[in-house]
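# Structure at a glance
Chain by chain, the residues:
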Amino acid sequence: MHYERKILITGGAGFIGSHVVRLLATRYPHYHIINLDKLTYAGNLENLRDVEQLPNYTFVRADICDHERMLELLAHYEVDGVVHLAAESHVDRSIRDPFTFARTNVMGTLSLLQACSRVWEQSPEGYRGKLFYHVSTDEVYGALPLDGGMFTEQTSYDPHSPYSASKASSDHFVRAFHDTYGLPIVITNCSNNYGPYQFPEKLIPLFINNIVQGRPLPVYGRGENVRDWLYVEDHARAIDVVLHRGRVGETYNIGGHNEWRNIDLVHLLIETTDRLLGRPVGSSEGLISYVKDRAGHDLRYAIDASKIEQELGWKPSLQFAQGLELTVRWYLEHRDWVEHITSGVYGEYYQSVYG
Ligand code: NAD
Ligand code: DAU
(Lines give C-alpha, C1' and ligand atoms only; values in the text may rest on other atoms or scores of the structure.)
(Ligands and ions follow the chains in the order given, each with its own letter.)
Protein backbone atom coordinates (compact mmCIF):
# COMPACT_ATOMS: atom_id res chain seq x y z
CA MET A 1 0.00 0.00 0.00
CA HIS A 2 1.37 3.41 -0.95
CA TYR A 3 0.67 6.08 1.67
CA GLU A 4 0.92 9.79 0.98
CA ARG A 5 2.40 10.42 4.44
CA LYS A 6 3.78 8.21 7.20
CA ILE A 7 3.16 9.84 10.56
CA LEU A 8 4.62 8.43 13.78
CA ILE A 9 2.64 9.50 16.86
CA THR A 10 4.40 8.89 20.17
CA GLY A 11 2.29 8.46 23.28
CA GLY A 12 -0.75 7.64 21.14
CA ALA A 13 -2.21 5.31 23.76
CA GLY A 14 -2.39 8.13 26.32
CA PHE A 15 -5.10 10.70 26.90
CA ILE A 16 -4.41 13.37 24.25
CA GLY A 17 -2.47 11.01 21.98
CA SER A 18 -5.45 8.67 21.59
CA HIS A 19 -7.62 11.56 20.38
CA VAL A 20 -4.88 12.63 17.95
CA VAL A 21 -4.50 9.07 16.61
CA ARG A 22 -8.28 8.74 16.18
CA LEU A 23 -8.59 12.07 14.38
CA LEU A 24 -5.66 11.56 12.00
CA ALA A 25 -6.31 7.87 11.26
CA THR A 26 -9.98 8.44 10.41
CA ARG A 27 -9.60 11.78 8.64
CA TYR A 28 -6.62 10.76 6.51
CA PRO A 29 -7.09 7.16 5.29
CA HIS A 30 -4.30 7.86 2.79
CA TYR A 31 -1.81 8.40 5.65
CA HIS A 32 -0.13 5.59 7.56
CA ILE A 33 -0.56 6.37 11.27
CA ILE A 34 1.98 4.56 13.45
CA ASN A 35 1.27 4.76 17.16
CA LEU A 36 4.43 4.23 19.23
CA ASP A 37 3.83 3.84 22.93
CA LYS A 38 5.60 2.18 25.86
CA LEU A 39 2.25 1.53 27.58
CA THR A 40 3.17 2.90 30.98
CA TYR A 41 0.39 3.10 33.58
CA ALA A 42 -0.97 6.05 31.52
CA GLY A 43 -1.05 4.31 28.15
CA ASN A 44 -4.06 2.17 27.46
CA LEU A 45 -4.95 0.45 24.19
CA GLU A 46 -8.59 0.34 25.23
CA ASN A 47 -8.58 4.07 24.37
CA LEU A 48 -8.23 3.02 20.71
CA ARG A 49 -10.55 0.04 20.32
CA ASP A 50 -12.53 1.79 17.57
CA VAL A 51 -9.33 2.54 15.63
CA GLU A 52 -7.30 -0.65 15.88
CA GLN A 53 -8.97 -2.37 12.90
CA LEU A 54 -8.31 0.50 10.48
CA PRO A 55 -5.98 -0.62 7.66
CA ASN A 56 -3.88 2.56 7.89
CA TYR A 57 -3.21 2.17 11.64
CA THR A 58 -0.26 0.34 13.23
CA PHE A 59 0.62 0.01 16.90
CA VAL A 60 4.19 -0.51 18.07
CA ARG A 61 5.13 -1.00 21.69
CA ALA A 62 8.46 0.75 22.28
CA ASP A 63 10.27 3.12 24.62
CA ILE A 64 11.36 6.44 23.09
CA CYS A 65 14.53 6.22 25.21
CA ASP A 66 15.58 3.13 23.21
CA HIS A 67 17.58 5.04 20.60
CA GLU A 68 18.54 2.04 18.43
CA ARG A 69 14.89 1.02 18.23
CA MET A 70 13.89 4.57 17.24
CA LEU A 71 16.45 4.50 14.41
CA GLU A 72 15.16 1.15 13.26
CA LEU A 73 11.45 2.07 13.40
CA LEU A 74 11.84 5.43 11.66
CA ALA A 75 13.68 3.74 8.81
CA HIS A 76 11.40 0.69 8.66
CA TYR A 77 8.17 2.71 8.41
CA GLU A 78 9.79 5.45 6.27
CA VAL A 79 8.37 8.00 8.67
CA ASP A 80 8.19 11.56 7.33
CA GLY A 81 6.41 13.22 10.25
CA VAL A 82 6.60 12.74 14.01
CA VAL A 83 3.96 14.06 16.41
CA HIS A 84 5.67 13.67 19.77
CA LEU A 85 3.33 13.39 22.75
CA ALA A 86 4.96 10.59 24.77
CA ALA A 87 5.82 11.93 28.20
CA GLU A 88 5.34 11.57 31.90
CA SER A 89 2.58 14.13 32.37
CA HIS A 90 1.42 14.36 36.00
CA VAL A 91 2.87 17.16 38.16
CA ASP A 92 2.28 15.37 41.50
CA ARG A 93 4.15 12.29 40.29
CA SER A 94 7.05 14.50 39.14
CA ILE A 95 7.36 15.90 42.66
CA ARG A 96 7.73 12.35 44.03
CA ASP A 97 9.91 10.95 41.22
CA PRO A 98 11.73 13.60 39.16
CA PHE A 99 14.23 11.14 37.62
CA THR A 100 11.56 9.32 35.64
CA PHE A 101 10.44 12.66 34.22
CA ALA A 102 13.98 13.63 33.21
CA ARG A 103 14.50 10.21 31.63
CA THR A 104 11.38 10.14 29.48
CA ASN A 105 10.72 13.81 28.82
CA VAL A 106 14.30 14.98 28.33
CA MET A 107 16.38 11.93 27.35
CA GLY A 108 13.48 10.32 25.48
CA THR A 109 12.89 13.46 23.43
CA LEU A 110 16.61 13.75 22.72
CA SER A 111 16.73 10.10 21.65
CA LEU A 112 13.88 10.67 19.21
CA LEU A 113 15.29 13.96 17.88
CA GLN A 114 18.68 12.41 17.24
CA ALA A 115 17.08 9.41 15.52
CA CYS A 116 14.98 11.65 13.24
CA SER A 117 17.96 13.79 12.44
CA ARG A 118 20.12 10.79 11.49
CA VAL A 119 17.52 8.86 9.52
CA TRP A 120 16.14 11.87 7.68
CA GLU A 121 19.48 13.38 6.70
CA GLN A 122 20.40 10.06 5.10
CA SER A 123 17.20 9.84 3.07
CA PRO A 124 17.40 10.87 -0.62
CA GLU A 125 15.41 14.08 -0.10
CA GLY A 126 17.08 14.93 3.24
CA TYR A 127 14.95 17.07 5.57
CA ARG A 128 12.63 18.14 2.72
CA GLY A 129 9.02 17.18 3.48
CA LYS A 130 9.88 16.08 7.04
CA LEU A 131 8.54 17.49 10.32
CA PHE A 132 9.23 16.92 14.01
CA TYR A 133 6.17 18.23 15.84
CA HIS A 134 6.72 18.56 19.60
CA VAL A 135 3.62 18.75 21.80
CA SER A 136 4.36 20.80 24.90
CA THR A 137 2.64 22.61 27.73
CA ASP A 138 1.92 26.13 28.96
CA GLU A 139 3.55 25.13 32.27
CA VAL A 140 6.99 25.91 30.79
CA TYR A 141 6.13 29.61 31.13
CA GLY A 142 5.75 29.42 34.91
CA ALA A 143 2.91 31.12 36.77
CA LEU A 144 0.89 34.32 36.36
CA PRO A 145 -0.53 36.58 39.06
CA LEU A 146 -4.28 36.39 39.68
CA ASP A 147 -4.86 39.94 38.51
CA GLY A 148 -3.74 39.78 34.90
CA GLY A 149 -1.42 38.81 32.08
CA MET A 150 -1.36 35.93 29.67
CA PHE A 151 1.31 33.62 28.25
CA THR A 152 2.30 34.56 24.70
CA GLU A 153 4.85 32.80 22.49
CA GLN A 154 7.34 35.49 23.63
CA THR A 155 6.93 34.81 27.37
CA SER A 156 10.25 33.70 28.93
CA TYR A 157 10.50 30.15 30.19
CA ASP A 158 10.25 29.89 34.00
CA PRO A 159 9.27 26.33 34.94
CA HIS A 160 8.73 25.46 38.62
CA SER A 161 7.87 21.77 38.92
CA PRO A 162 10.11 18.86 37.89
CA TYR A 163 7.46 18.10 35.24
CA SER A 164 7.51 21.58 33.72
CA ALA A 165 11.32 21.76 34.02
CA SER A 166 11.56 18.51 32.04
CA LYS A 167 9.12 19.77 29.38
CA ALA A 168 10.96 23.10 29.15
CA SER A 169 14.23 21.23 28.68
CA SER A 170 12.70 19.10 25.94
CA ASP A 171 11.40 22.23 24.19
CA HIS A 172 14.93 23.68 24.29
CA PHE A 173 16.39 20.52 22.77
CA VAL A 174 13.81 20.59 19.98
CA ARG A 175 14.67 24.20 19.20
CA ALA A 176 18.39 23.43 19.44
CA PHE A 177 18.02 20.71 16.78
CA HIS A 178 16.33 23.25 14.53
CA ASP A 179 18.88 25.98 15.12
CA THR A 180 21.95 23.71 15.03
CA TYR A 181 21.13 21.03 12.45
CA GLY A 182 18.24 22.64 10.56
CA LEU A 183 15.79 19.91 11.65
CA PRO A 184 12.29 21.04 10.58
CA ILE A 185 10.36 21.40 13.84
CA VAL A 186 7.24 22.99 15.22
CA ILE A 187 6.27 23.30 18.90
CA THR A 188 2.86 23.89 20.47
CA ASN A 189 2.31 24.84 24.11
CA CYS A 190 -1.19 24.02 25.28
CA SER A 191 -3.21 24.72 28.42
CA ASN A 192 -5.04 22.15 30.61
CA ASN A 193 -6.99 19.54 28.63
CA TYR A 194 -10.07 17.69 29.79
CA GLY A 195 -12.37 15.09 28.23
CA PRO A 196 -12.80 11.34 27.74
CA TYR A 197 -9.91 8.89 28.38
CA GLN A 198 -8.00 11.10 30.85
CA PHE A 199 -6.35 9.03 33.57
CA PRO A 200 -8.22 9.59 36.84
CA GLU A 201 -5.28 11.12 38.68
CA LYS A 202 -5.84 14.55 37.07
CA LEU A 203 -8.30 16.95 38.71
CA ILE A 204 -11.43 16.52 36.56
CA PRO A 205 -11.59 12.71 36.13
CA LEU A 206 -10.35 12.13 39.70
CA PHE A 207 -13.10 14.30 41.13
CA ILE A 208 -15.86 12.81 38.92
CA ASN A 209 -14.79 9.36 40.07
CA ASN A 210 -14.70 10.40 43.73
CA ILE A 211 -18.14 12.04 43.50
CA VAL A 212 -19.57 8.82 42.03
CA GLN A 213 -17.99 6.80 44.83
CA GLY A 214 -18.78 9.31 47.61
CA ARG A 215 -15.10 9.79 48.37
CA PRO A 216 -13.43 13.07 49.53
CA LEU A 217 -12.50 15.68 46.92
CA PRO A 218 -8.97 16.82 47.90
CA VAL A 219 -8.77 20.51 46.95
CA TYR A 220 -5.16 21.73 47.27
CA GLY A 221 -4.65 24.83 49.43
CA ARG A 222 -7.64 27.15 49.26
CA GLY A 223 -8.69 26.16 45.76
CA GLU A 224 -7.82 29.59 44.42
CA ASN A 225 -5.39 28.47 41.68
CA VAL A 226 -6.58 29.18 38.16
CA ARG A 227 -6.32 26.92 35.12
CA ASP A 228 -7.33 27.56 31.49
CA TRP A 229 -9.32 24.51 30.31
CA LEU A 230 -9.59 23.18 26.74
CA TYR A 231 -11.67 20.23 25.50
CA VAL A 232 -9.25 17.54 24.31
CA GLU A 233 -10.83 17.19 20.84
CA ASP A 234 -10.24 20.89 20.27
CA HIS A 235 -6.56 20.32 21.10
CA ALA A 236 -6.44 17.37 18.66
CA ARG A 237 -7.95 19.62 15.94
CA ALA A 238 -5.34 22.26 16.67
CA ILE A 239 -2.59 19.65 16.32
CA ASP A 240 -4.04 18.62 12.95
CA VAL A 241 -4.04 22.25 11.80
CA VAL A 242 -0.46 22.91 12.95
CA LEU A 243 0.78 19.61 11.48
CA HIS A 244 -0.54 20.63 8.07
CA ARG A 245 -0.24 24.41 8.05
CA GLY A 246 2.06 25.47 10.88
CA ARG A 247 5.19 27.34 9.86
CA VAL A 248 8.41 25.38 10.38
CA GLY A 249 10.49 26.67 13.29
CA GLU A 250 7.52 28.37 14.96
CA THR A 251 5.86 27.99 18.35
CA TYR A 252 2.07 28.22 18.68
CA ASN A 253 0.21 28.59 21.97
CA ILE A 254 -3.10 26.69 22.23
CA GLY A 255 -5.75 27.50 24.82
CA GLY A 256 -9.44 27.77 25.47
CA HIS A 257 -9.83 31.37 26.78
CA ASN A 258 -11.51 29.56 29.62
CA GLU A 259 -10.04 30.37 33.03
CA TRP A 260 -11.51 28.76 36.14
CA ARG A 261 -10.57 28.99 39.81
CA ASN A 262 -10.22 25.37 40.98
CA ILE A 263 -12.89 25.73 43.65
CA ASP A 264 -15.40 27.21 41.18
CA LEU A 265 -14.71 24.36 38.79
CA VAL A 266 -15.24 21.86 41.61
CA HIS A 267 -18.67 23.40 42.39
CA LEU A 268 -19.64 23.16 38.70
CA LEU A 269 -18.42 19.55 38.53
CA ILE A 270 -20.44 18.65 41.62
CA GLU A 271 -23.54 20.31 40.19
CA THR A 272 -23.16 18.54 36.81
CA THR A 273 -22.32 15.12 38.25
CA ASP A 274 -25.06 15.18 40.90
CA ARG A 275 -27.62 16.18 38.26
CA LEU A 276 -26.54 13.45 35.81
CA LEU A 277 -26.53 10.87 38.60
CA GLY A 278 -30.07 11.90 39.57
CA ARG A 279 -28.92 12.96 43.04
CA PRO A 280 -30.17 16.18 44.68
CA VAL A 281 -27.98 18.87 43.10
CA GLY A 282 -25.28 19.95 45.54
CA SER A 283 -25.57 16.87 47.71
CA SER A 284 -21.90 16.05 47.07
CA GLU A 285 -20.69 19.48 48.31
CA GLY A 286 -19.89 17.89 51.66
CA LEU A 287 -17.17 15.79 49.98
CA ILE A 288 -14.98 18.87 49.46
CA SER A 289 -11.89 18.54 51.61
CA TYR A 290 -9.21 21.25 51.70
CA VAL A 291 -5.82 19.56 51.92
CA LYS A 292 -2.15 20.59 52.07
CA ASP A 293 -1.16 22.58 49.00
CA ARG A 294 0.90 21.08 46.16
CA ALA A 295 4.60 22.04 46.59
CA GLY A 296 5.53 24.88 44.22
CA HIS A 297 1.90 25.10 43.09
CA ASP A 298 1.65 27.51 40.12
CA LEU A 299 -1.00 30.11 40.90
CA ARG A 300 -2.48 30.84 37.48
CA TYR A 301 -2.12 29.79 33.83
CA ALA A 302 -3.75 31.67 30.96
CA ILE A 303 -2.97 31.28 27.27
CA ASP A 304 -3.04 34.00 24.65
CA ALA A 305 -3.96 31.88 21.60
CA SER A 306 -4.26 34.76 19.15
CA LYS A 307 -1.33 33.59 16.97
CA ILE A 308 -2.85 30.21 16.06
CA GLU A 309 -6.30 31.80 15.75
CA GLN A 310 -5.20 34.56 13.41
CA GLU A 311 -2.52 32.73 11.44
CA LEU A 312 -4.13 29.30 11.10
CA GLY A 313 -7.81 30.02 11.75
CA TRP A 314 -8.14 27.54 14.65
CA LYS A 315 -10.63 28.28 17.45
CA PRO A 316 -12.01 26.17 20.31
CA SER A 317 -15.41 24.78 19.30
CA LEU A 318 -17.06 23.98 22.63
CA GLN A 319 -18.32 26.06 25.53
CA PHE A 320 -17.01 24.78 28.87
CA ALA A 321 -20.43 23.82 30.26
CA GLN A 322 -21.04 21.70 27.14
CA GLY A 323 -17.60 20.07 27.22
CA LEU A 324 -17.83 19.35 30.92
CA GLU A 325 -21.27 17.77 30.54
CA LEU A 326 -19.97 15.55 27.69
CA THR A 327 -17.02 14.59 29.87
CA VAL A 328 -19.05 13.75 32.98
CA ARG A 329 -21.51 11.72 30.88
CA TRP A 330 -18.62 9.82 29.31
CA TYR A 331 -17.12 8.89 32.69
CA LEU A 332 -20.52 7.83 34.03
CA GLU A 333 -21.09 5.64 30.96
CA HIS A 334 -17.56 4.12 31.05
CA ARG A 335 -17.24 2.92 34.60
CA ASP A 336 -15.66 -0.31 33.28
CA TRP A 337 -12.88 1.74 31.63
CA VAL A 338 -12.10 3.53 34.89
CA GLU A 339 -12.07 0.25 36.78
CA HIS A 340 -9.87 -1.50 34.21
CA ILE A 341 -7.23 1.17 33.99
CA THR A 342 -7.03 1.61 37.71
CA SER A 343 -6.81 -2.13 38.37
CA GLY A 344 -4.23 -3.05 35.75
CA VAL A 345 -6.61 -5.32 33.85
CA TYR A 346 -5.77 -3.46 30.63
CA GLY A 347 -2.47 -5.36 30.60
CA GLU A 348 -4.53 -8.45 29.85
CA TYR A 349 -6.30 -6.60 27.07
CA TYR A 350 -2.96 -5.78 25.46
CA GLN A 351 -1.89 -9.42 25.64
CA SER A 352 -5.19 -10.57 24.13
CA VAL A 353 -4.88 -8.20 21.16
CA TYR A 354 -1.16 -8.10 20.48
CA GLY A 355 0.10 -11.31 22.09
P1 NAD B 1 -0.67 10.84 29.31
O2 NAD B 1 0.13 10.67 30.56
O3 NAD B 1 -2.13 10.56 29.33
O4 NAD B 1 -0.05 9.92 28.15
C5 NAD B 1 1.32 9.80 27.95
C6 NAD B 1 1.56 8.61 27.01
O7 NAD B 1 2.97 8.50 26.77
C8 NAD B 1 1.09 7.27 27.57
O9 NAD B 1 0.40 6.54 26.58
C10 NAD B 1 2.39 6.56 27.94
O11 NAD B 1 2.31 5.14 27.88
C12 NAD B 1 3.35 7.13 26.89
N13 NAD B 1 4.75 7.09 27.33
C14 NAD B 1 5.25 7.50 28.53
N15 NAD B 1 6.58 7.27 28.57
C16 NAD B 1 6.92 6.73 27.36
C17 NAD B 1 8.14 6.28 26.78
N18 NAD B 1 9.30 6.35 27.48
N19 NAD B 1 8.14 5.80 25.52
C20 NAD B 1 6.97 5.71 24.82
N21 NAD B 1 5.78 6.09 25.32
C22 NAD B 1 5.76 6.59 26.58
O23 NAD B 1 -0.36 12.31 28.81
P24 NAD B 1 -1.33 13.40 28.13
O25 NAD B 1 -2.04 14.15 29.18
O26 NAD B 1 -2.06 12.76 27.03
O27 NAD B 1 -0.22 14.37 27.51
C28 NAD B 1 0.36 14.09 26.23
C29 NAD B 1 1.39 15.16 25.92
O30 NAD B 1 0.74 16.43 25.90
C31 NAD B 1 2.52 15.28 26.94
O32 NAD B 1 3.70 15.54 26.25
C33 NAD B 1 2.12 16.46 27.81
O34 NAD B 1 3.25 17.09 28.33
C35 NAD B 1 1.41 17.33 26.81
N36 NAD B 1 0.34 18.21 27.36
C37 NAD B 1 -0.63 17.71 28.18
C38 NAD B 1 -1.65 18.55 28.63
C39 NAD B 1 -2.76 18.04 29.52
O40 NAD B 1 -3.55 18.84 30.01
N41 NAD B 1 -2.89 16.75 29.74
C42 NAD B 1 -1.65 19.90 28.26
C43 NAD B 1 -0.62 20.38 27.42
C44 NAD B 1 0.36 19.51 26.97
O1 DAU C 1 -1.37 23.29 31.86
C2 DAU C 1 -1.14 22.10 31.16
C3 DAU C 1 -0.87 20.97 32.14
O4 DAU C 1 -2.11 20.67 32.77
C5 DAU C 1 -0.28 19.74 31.47
O6 DAU C 1 0.97 20.05 30.93
C7 DAU C 1 -0.14 18.59 32.48
O8 DAU C 1 0.31 17.42 31.82
C9 DAU C 1 -1.50 18.34 33.10
O10 DAU C 1 -1.39 17.33 34.09
C11 DAU C 1 -2.08 19.62 33.71
O12 DAU C 1 -1.33 20.02 34.88
P13 DAU C 1 -2.06 20.56 36.21
O14 DAU C 1 -1.15 20.34 37.35
O15 DAU C 1 -2.59 21.92 36.00
O16 DAU C 1 -3.33 19.53 36.25
P17 DAU C 1 -4.00 18.73 37.45
O18 DAU C 1 -5.25 18.13 36.90
O19 DAU C 1 -3.04 17.85 38.16
O20 DAU C 1 -4.42 19.90 38.46
C21 DAU C 1 -5.28 20.96 38.06
C22 DAU C 1 -5.41 21.90 39.24
O23 DAU C 1 -6.13 21.24 40.29
C24 DAU C 1 -4.09 22.31 39.85
O25 DAU C 1 -4.17 23.65 40.30
C26 DAU C 1 -3.92 21.38 41.06
C27 DAU C 1 -5.36 21.16 41.49
N28 DAU C 1 -5.64 19.82 42.10
C29 DAU C 1 -5.27 18.72 41.40
C30 DAU C 1 -5.51 17.47 41.91
C31 DAU C 1 -5.06 16.22 41.16
C32 DAU C 1 -6.30 19.73 43.31
O33 DAU C 1 -6.68 20.76 43.93
N34 DAU C 1 -6.54 18.49 43.82
C35 DAU C 1 -6.15 17.35 43.18
O36 DAU C 1 -6.38 16.23 43.72
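Residues numbered from 1 in each chain as written. Chains lettered and ligands numbered in written order. Predicted model: local features only at pLDDT ≥ 70, side-chain atom pairs only at ≥ 80, totals over all residues. Heavy atoms only, no water.

What the protein chain contains, in helices and strands, is 12 helices and 12 strands. Taken over the C-alpha atoms alone, the protein chain extends approximately 65 × 50 × 40 Å along its principal axes. Across the 355 residues in the protein chain, those meeting the buried criterion constitute 57%. Of all intrachain contacts in the protein chain linking residues separated by at least 6 positions in sequence, the fraction that spans at least 24 positions is 82%. Only carbon and sulfur atoms are counted for the fraction: they give 51% of the accessible area of the protein chain, which is about 14700 Å². On the protein chain, the mean spot of the 33 positive side-chain charges and the mean spot of the 45 negative ones are 1 Å from each other. (Helix = DSSP H or I, 4+ residues; strand = E, 2+ residues; numbered from the N terminus. Buried < 20%, exposed > 50% of the residue type's maximum accessible area, 1.4 Å probe, protein only. Contact = heavy atoms within 4.5 Å. Areas by Shrake-Rupley, 256 points an atom, 1.4 Å probe, with all protein chains shown as cover. Lys, Arg positive; Asp, Glu negative; His and termini not counted. Charge placed at Lys NZ, Arg CZ, Asp CG, Glu CD.)

What follows is about the pairing of strand 2 (residues 31-37). The buried count for strand 2 comes to 7 of 7 residues, which makes it a mostly enclosed element. Alternating positions in strand 2 separate into two faces, Tyr 31, Ile 33, Asn 35 and Asp 37 on one and His 32, Ile 34 and Leu 36 on the other, with burial throughout. Across 6 bridges, strand 1 (residues 5-10) lies against strand 2 in parallel orientation. Bridge pairing links Ile 9 to Asn 35 in strand 2. Taken together, strand 1, helix 1 (residues 15-27) and strand 2 constitute a β-α-β crossover, and its handedness is right-handed. Inspection of the sheet shows strand 2 paired to strand 3 (residues 57-61) by 5 bridges, in the parallel sense. Within the sheet, the bridge partner assigned to Ile 34 lies in strand 3 and is Thr 58. (Pairing = 2+ DSSP bridges. Right-handed = clockwise from strand over helix to strand, strands pointing away.)

On to the pairing of strand 10 (residues 251-254), then. Side chains Thr 251 and Asn 253 of strand 10 all project onto a buried face; the interleaved residues Tyr 252 and Ile 254 project onto the opposite face, where all are buried too. Inspection of the sheet shows strand 6 (residues 185-190) paired to strand 10 by 4 bridges, in the parallel sense. Residue pairing across strands places Thr 188 opposite Tyr 252, the latter belonging to strand 10.

In terms of nonpolar packing, the biggest core is built from 74 residues, with Ile 9, Val 83, Tyr 133 and Ile 308 touching the most fellow members. The greatest single-element share of this core, amounting to 7 residues, is contributed by helix 7 (residues 232-245). Excluding residues that lie within four positions of it along the chain, Ile 9 makes contacts with Val 20, Val 21, Leu 24, Ile 33, Ile 34, Asn 35, Leu 36, Val 83 and Leu 85. With 27 residues, the next largest nonpolar core counts Ala 62, Tyr 77, Ala 86 and Tyr 127 among its residues. (Core = buried A, V, L, I, M, F, W, Y, C linked by side-chain atoms within 4.5 Å.)

Let us now look at the site of ligand 2. As a structural note, the neighbourhood of ligand 2 is formed by 25 residues, with Thr 137, Asp 138, Tyr 163, Arg 294 and His 297 the closest of them. At a separation of 2.7 Å, an oxygen atom of ligand 2 approaches a polar side-chain atom of His 297. Burial of ligand 2 by the protein amounts to 94% of the accessible area it has alone, namely 680 Å². Considering only residue class, the shell around ligand 2 consists of 10 nonpolar, 8 polar and 7 charged. (Near = heavy atom within 4 Å. Polar contact = N/O pair within 3.5 Å; in protein donor to acceptor, adjacent residues only side chain to side chain. Nonpolar A, V, L, I, M, F, W, Y, C, P; charged D, E, K, R; others polar.)

Across the sheet, 3 strands lie side by side as 7-9-11; this open sheet has mixed pairing. The outermost strands of the open sheet, each flanked by one partner alone, are strand 7 (192-194) and strand 11 (259-261). Direction aside, the axes of adjacent strands within the sheet are offset by 50 degrees on average. Two elements, strand 7 and strand 9 (residues 226-231), share 3 bridges in a ladder whose sense is parallel. Paired with Tyr 194 across the bridge in strand 9 is Tyr 231. (Axes fitted to C-alpha atoms, helices over the stretch in contact; angles between N-to-C directions.)

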